[in-house]
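Residue-level structural notes
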Amino acid sequence: MGPPLPDLQEPPPPGTSSQTRRPLLCDVIKPAPHRDVTVRVVPPPRFLPRLLHPLPSSGDIAMRRDRGPKTALGGAGEVEPGGMAASPMGRPRRLQRYLQSGEFDQFRDFPIFESNFVQFCPHIYPAPTSDLWPQVTRLGEVANEVTMGVAASSPALELPDLLLLAGPAKENGHLQLFGLFPLKFVQLFVHDKSRCQLEVKLNTSRTFYLQLRAPLETRDREFGQWVRLLYRLRFLSASAVPFTQE
Amino acid sequence: MTYAYLFKYIIIGDTGVGKSCLLLQFTDKRFQPVHDLTIGVEFGARMVNIDGKQIKLQIWDTAGQESFRSITRSYYRGAAGALLVYDITRRETFNHLTSWLEDARQHSSSNMVIMLIGNKSDLESRRDVKREEGEAFAREHGLIFMETSAKTACNVEEAFINTAKEIYRKIQQGLFDVHNEANGIKIGPQQSISTSVGPSASQRNSRDIGSNSGCC
């Protein structure tokens with residue numbers, strides 16, 4: 001059995017009820033203050049990773065699939081026709097751009113919500129078990145840059161169904177896709193809200209931890225979007241399956 | 001880095017036959033004895049040189065476990081090459097080849113080049129499937145066949161590169177439409193057809209190797 005579900009409460013969207021309307025992906029990433037979501041955060045590990053300095057980032061919270069010029073938008077998460085939310089700067093982020101470049105033809109038009117993270121290991125004895133996987137380094141040290149995105153394999157889906165992980169290639173630092181995982185085999189948790197840290201648990205017993213890498217001024221908002229997404233994935237996904245170890 | 005072509009490969013076969021280890025050996029030249037179960041798809045890439053052309057191999061390492069199969073087979077589409085892997089020490093992984101082959105043929109291009117791989121050839125003392133059986137299966141189904149060891153790296157390079165050579169040969173023969181992305185082939189950035197298609201002077205670099213090193 002998996003860990004107990006976090007205690008989450010969320011008011012229904014204005015003018016709707018959960019009985020009459022299922023949320024769309026745009027609702028998931030609509031920016032909202034953290035006060036809308038109450039999260040019982042997993043207790044911090046005994047040894048905390050060192051806090052990371054904010055790293056340069058465009059601050060562009062993209063979730064778009066069209067590539068044309070855009071009109072001015074009100075902000076991240078503004079709903080557009082098609083049920084997707086746009087980035088404030090109207091351009092896709094790195095992973096989306098990479099996929100749009102065409103090397104991965106099947107993923108070219110996937111709507112993606114993505115952020116940059118650094119992987120860290122909160123445990124005393126990190127034990128990487130896959131060499132194809134981004135490696136963790138020593139306790140508390142900044143490990144690998146990871147770009148994590150959730151994607152919908154069809155625009156018709158109300159919720160994303162895939163998790164994409166990418167990172168810099170060893171040889172040239174260019175973004176490289178590491179893996180694609182059906183979200184029904186993945187669980188996402190808030191590991192430490194104050195540090196904007198997520199726990200990603202695959203149903204193969206592989207678990208890793210990611211800390212959001214975003215400018216200070218947008219970090220809370222961006223993490224809030226992940227929290228809302230986690231909530232939707234955990235409690236509103238019709239295809240959710242019980243989390244069991246095989 | 002620029003390339004003339006990108007070939008999409010899939011690696012398929014039962015769980016535990018060594019698909020991820022083959023990929024790791026090919027991309028990183030390392031062997032990892034303990035490996036987590038793959039869920040979904042994990043990716044690897046490497047440049048190789050075939051007949052003087054830089055070719056990027058984009059490799060999709062798929063989950064072998066039955067519970068993931070309905071998902072992973074949706075990613076067979078658009079593959080130019082497939083490595084169909086069994087474990088020479090486990091007869092059942094050989095017995096399941098027909099099912100994997102049917103899946104692959106049903107969900108991908110009819111021109112896809114399939115390399116049958118009997119992996120774990122270093123475990124000769126535990127061999128449960130004779131080399132001749134692998135050869136016969138490959139002959140019967142029109143596959144290329146090799147025995148490999150991801151642990152010792154024996155024939156791993158050859159398996160990936162010979163598949164690429166066969167795909168390239170099909171391109172030269174006009175059997176693959178390189179403009180049809182469903183065939184799993186992309187022309188590299190800034191490459192024109194006139195420069196990327198057709199026989200060229202036979203030049204090889206250190207990564208372009210002979211068809212059979214004979215180590216297994």
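Because the structure is predicted, anything quoted here is derived from the model rather than measured.

To continue, consider the pattern of salt bridges. A side chain of one charge can pair with a side chain of the opposite charge if their charged atoms are brought near each other. Counted under the stated rule, the structure contains 21 salt bridges over all chains. Of the charged contacts in the structure, one is a salt bridge between R206 of chain A and E42 of chain B, with a shortest N-O distance of 3.2 Å. Residue R206 of chain A is found in the loop between β8 (197-202) and β9 (207-212), and its partner E42 of chain B is found in strand β2 (residues 41-50); the two belong to separate chains. Among the residues examined, E42 of chain B registers a relative accessible area of 1% and is labelled buried. When the shortest N-O distance is used, the salt bridge between R69 of chain B and D103 of chain B registers 3.2 Å. Taken together, the positions of R69 of chain B in helix α2 (residues 66-72) and D103 of chain B in helix α4 (residues 97-107) put the pair 34 residues apart, joining distant regions of the chain. Each member of the pair R69 of chain B and D103 of chain B is classed as buried. Each of E66, R69, R73 and D103 of chain B takes part in one network of salt bridges that share partners.

Turning to the interface of chain A and chain B, a few remarks are in order. On the side of chain B, 33 residues touch chain A, which itself brings 28 residues to the contact. Across the contact surface, chain A and chain B share three salt bridges. The residue E103 of chain A makes a salt bridge to K56 of chain B at a minimum N-O spacing of 3.0 Å. Taken together, chain A and chain B are joined by ten residue pairs in polar contact (both at pLDDT 80 or more). Residue composition of the side of chain A that touches chain B, grouped by class: twelve nonpolar, eight polar and eight charged. Alignment of strand β6 (residues 175-182) of chain A against β2 of chain B, held across two bridges, turns out to be antiparallel.

On to helix α1 (residues 19-28) of chain B. Residue and element names in this part refer to chain B. α1 sits mainly inside the fold: eight of its ten residues count as buried. Among all positions of α1, only K19, S20, C21, L22, L23, L24, Q25 and F26 are buried. Where the residues of α1 are buried, they touch β1 (5-13), β2, β3 (53-62), β4 (81-87), β5 (113-119) and α6 (156-172). A positive backbone phi angle near 55° is found at K29, which sits one or two residues after α1.

A word on the pairing of strand β3 (residues 112-120) of chain A. All names here are of chain A. By the criterion of burial, β3 is predominantly enclosed, with nine of the nine residues buried. Of the two faces of β3, both are covered, the one formed by I112, E114, N116, V118 and F120 as well as the one formed by F113, S115, F117 and Q119. Taken together, the seven bridges between β3 and strand β4 (residues 145-151) define a ladder with antiparallel strand orientation. Opposite S115, over in β4, you have M148 as the bridge partner. Note that β3 and β9 share four bridges and pair antiparallel. Looking at β9, one finds that F117 is bridged to L212.

Residues and elements named next belong to chain B. β3 sits mainly inside the fold: nine of its ten residues count as buried. Across seven bridges, the pairing between β1 and β3 is parallel. In the strand pairing of β3, I11 is matched with D61. Of the strand pairs in this sheet, β2 and β3 are connected by ten bridges, and their pairing is antiparallel. Residue pairing across strands places F43 opposite W60, the latter belonging to β3.

To continue, consider the UniProt feature "domain: Golgi associated RAB2 interactor protein-like Rab2B-binding" (unreviewed entry) in chain A. Those residues carrying the UniProt feature "domain: Golgi associated RAB2 interactor protein-like Rab2B-binding" (unreviewed entry) are residues 179-234 of chain A in this numbering. Helix makes up 34% of residues 179-234 of chain A and strand 41%, whereas the separation of the span's terminal C-alpha atoms amounts to 21 Å.

Rules used throughout
- Residues numbered from 1 in each chain as written.
- Chains lettered and ligands numbered in written order.
- Predicted model: local features only at pLDDT ≥ 70, side-chain atom pairs only at ≥ 80, totals over all residues.
- Heavy atoms only, no water.
- Salt bridge = Lys/Arg side-chain N within 4 Å of Asp/Glu carboxyl O.
- Helix = DSSP H or I, 4+ residues; strand = E, 2+ residues; numbered from the N terminus.
- Buried < 20%, exposed > 50% of the residue type's maximum accessible area, 1.4 Å probe, protein only.
- Contact = heavy atoms within 4.5 Å.
- Polar contact = N/O pair within 3.5 Å; in protein donor to acceptor, adjacent residues only side chain to side chain.
- Nonpolar A, V, L, I, M, F, W, Y, C, P; charged D, E, K, R; others polar.
- Pairing = 2+ DSSP bridges.
- UniProt positions renumbered as here; feature names shortened; annotations may be inferred.

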